[in-house]
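Descriptive structure summary
Here's the letter readout for the chains.
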Amino acid sequence: MTHRPHSPLSRHPLRASLLAFALAASASTGFAQTAPSGEPIRVGALLSTTGGLAAVGLPEREGVLLAQKVVNARGGINGRPLEIVLEDDGSSPDSAVAKANALIHTQKVRAIIGPSGIAQTVAIGGLTQAQKLPLVAFSGIGPAVERERNCVFHMTPSQELNARAVLSYARDTGAKQVGVLHDSGYGQVIWNAMKDLGREYGVTFVQVEKFEIAATDVTTQAAKLRAANPDAIIVVSTSATPFRNVRQVRISAPIIAVHGTASYELVKAMGDAADNVIHSEFLVAEDPLPAQKEFVDAYKKEYGKLPKHFSAAGWDAVMALAESIKANGADTSNEKLCAAMRRPYAGVTTRYDFAAPDMGGMTLAGFTYSKLVKGQFTRLDYKAAK
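Residues numbered from 1 in each chain as written. Predicted model: local features only at pLDDT ≥ 70, side-chain atom pairs only at ≥ 80, totals over all residues. Heavy atoms only, no water.

1. Side note on the pairing of strand β10 (residues 278-281)
What you see with β10 is no split at all: I278 and S280 on one side and H279 and E281 on the other are buried throughout. Relative to β10, strand β9 (residues 255-257) runs parallel, the two sharing two bridges. Paired with A257 across the two strands is H279, which belongs to β10. Taken together, β9, helix α9 (residues 264-270) and β10 constitute a β-α-β crossover, and its handedness is right-handed. Bridge count for β10 against strand β13 (residues 368-373) is four bridges, and the pairing is antiparallel. Each bridged residue has a counterpart across the sheet, and for H279 the counterpart in β13 is S370. (Buried < 20%, exposed > 50% of the residue type's maximum accessible area, 1.4 Å probe, protein only. Helix = DSSP H or I, 4+ residues; strand = E, 2+ residues; numbered from the N terminus. Pairing = 2+ DSSP bridges. Right-handed = clockwise from strand over helix to strand, strands pointing away.)

Structure follows, in structure tokens:
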């Protein structure tokens, strides 16, 4: 939902009603304290809630809005309410640039949460960096130019770390000959990071097959993988199609997947093909870690379903930012707020270090591994060593 340019809340009944709803409904989370008052602290949330990345952007939005509600239920930030100004970039980098400019120059936000995709993050990072405005993005660090942007913080792992997470599991479970099935978008980016790591992990890629993102049938590629007789197959995609087709050609080797397909919506789309798929991920809500339980309980109460890591990252982005604003004051300079964000932060998703060279500081030790059993994620007793 797009909010209109800044002016007093009394002149904007829609914004006022949304903020009032967040405050009034906050008691349902179980965190109710004195209601915040005064001028809201405005933070932008630029997410892909329509288009190709909507499966990511929608749960991110749920986590962001839940965190906003809880922050306000706890009295806001230094007594002032937190207002989230939502924008949808339609999964388009061009749209993201236009929306980011409006958030920065018209809405006068203190920071931007998002975007959902790496292309959008790269596109708007130059805008926010020039303003020293914190950008808390739902992507791992991308091209080399991002290493110069020290006000862009990353809430998900880099593509190399994603690759290492699945290769660690393959190696430690005895897989030597590995097949890879990846799409031409997200999967291609991770494969580019993975292809040079095989020797380090004692793995030979015996067959690598690529398919288009919009493909509805990849049985030809799956059959080639079967012919290579791999010890395990790594599937890197944001689609249920490759999982169904791998099962259809009766490949018996274990399937290892990255966190991009660890969602209940995609698992439902996989059908019976989801059983026994291994994910390197971060949140098994059926069996949450102690640091994740508060979030999982609040999310279940709010939305009537279990969360996954996209929603948890949305929550973490708001909470990390709110903590920095609280410690430094809502009226501190952009540059000082960026500096305040550069610190370790214990999130629901994992432990971050926003002072690390990749402005995220996620590690292999922060991954959780799960196996799908009848549509439910079950935690595995496995931790990646390196």
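2. Topic: helix α10 (residues 293-303)
Among all positions of α10, only F295, V296, A298 and Y299 are buried. Along the axis of α10, the buried positions cluster into a sector of 165°, meaning they face one direction only. On its buried side, α10 packs onto α2 (54-73) and α11 (309-328). Two residues or fewer past α10, G304 is found with a positive phi of approximately 70°. (Arc of directions from axis to C-beta. Contact = heavy atoms within 4.5 Å.)

3. Some thoughts on the state of the cysteines
Here the structure, examined in full by the defined rule, presents one disulfide. Across the disulfide, C151 is cross-linked to C338 (sulfur-sulfur distance 2.2 Å). Of this pair, C151 sits in the loop between β4 (135-137) and β5 (152-154) while C338 is found in helix α12 (residues 334-341), placing the two residues 187 residues apart along the sequence. (Disulfide = S-S within 2.5 Å.)

4. What about the sheet that holds β10?
Across the sheet, seven strands lie side by side as β7-β6-β8-β9-β10-β13-β14; this open sheet has mixed pairing. Edge strands, defined here as strands with exactly one partner in the open sheet, are β7 (204-211) and β14 (376-379). Looking at each pair of strands side by side, their axes are set apart by 25° on average, direction ignored. Each of β6 (177-183), β7, β8 (232-236), β9, β10 and β13 is contacted by helix α5 (residues 159-172), which is oriented at about 155° to β9, the strand it contacts most. Contacts between helix α7 (residues 219-228) and the sheet are confined to β6, β7 and β8, with β7 contributing the most and set at about 170° to the helix. (Axes fitted to C-alpha atoms, helices over the stretch in contact; angles between N-to-C directions.)

5. Concerning the pairing of β13
Relative to β14, β13 is paired through four bridges, and the arrangement is antiparallel. Bridging across to β14, L372 finds its partner in F377.

6. Focus: the sheet that holds strand β2 (residues 82-88)
Sheet architecture is open: five strands sit in the order β2-β1-β3-β4-β5, paired in parallel fashion. A strand with exactly one partner marks an edge of an open sheet, and here the two such strands are β2 and β5. In this sheet, strand β3 (residues 112-113) lies alongside strand β1 (residues 41-47) in parallel orientation, the contact comprising two bridges. By the bridge assignment, A45 is partnered in β3 with I113.

7. With respect to the packing of α2 against α10
Here α2 crosses α10 at 100°, and the two axes come no closer than 11 Å. Relative to α10, the element α2 lies roughly perpendicular. Every residue of α10 that contacts α2 at E62, L65, L66 and K69 is listed here: F295, A298, Y299, E302 and Y303. (Parallel < 35°, antiparallel > 145°, perpendicular 65-115°, else oblique.)

8. Observations regarding the packing of α5 against helix α6 (residues 186-194)
Here α5 crosses α6 at 75°, and the two axes come no closer than 8 Å. With respect to each other, α5 and α6 are oriented roughly perpendicular. Between α5, through Q159, E160, N162, A163, V166 and L167, and α6, the contact on the second element is made entirely by Y186, V189, I190, A193 and M194. Its residues placed into classes, the contact of α5 with α6 shows eight nonpolar, two polar and one charged. (Nonpolar A, V, L, I, M, F, W, Y, C, P; charged D, E, K, R; others polar.)

9. Structural notes on unusual backbone geometry
A cis geometry characterises the amide bond from G114 onward to P115, with omega recorded as 0°. Structurally, the position occupied by P115 is in the loop between β3 and α4 (118-131). At N276, a residue that is not glycine, the phi angle is positive and equals roughly 75°. Along the polypeptide, N276 turns up in the loop between α9 and β10. The partly exposed category is assigned to N276, whose relative accessible area is 44%. The backbone of K374 sits at a positive phi, close to 50°, despite the residue not being glycine. Tracing the chain through its elements places K374 in the loop between β13 and β14.

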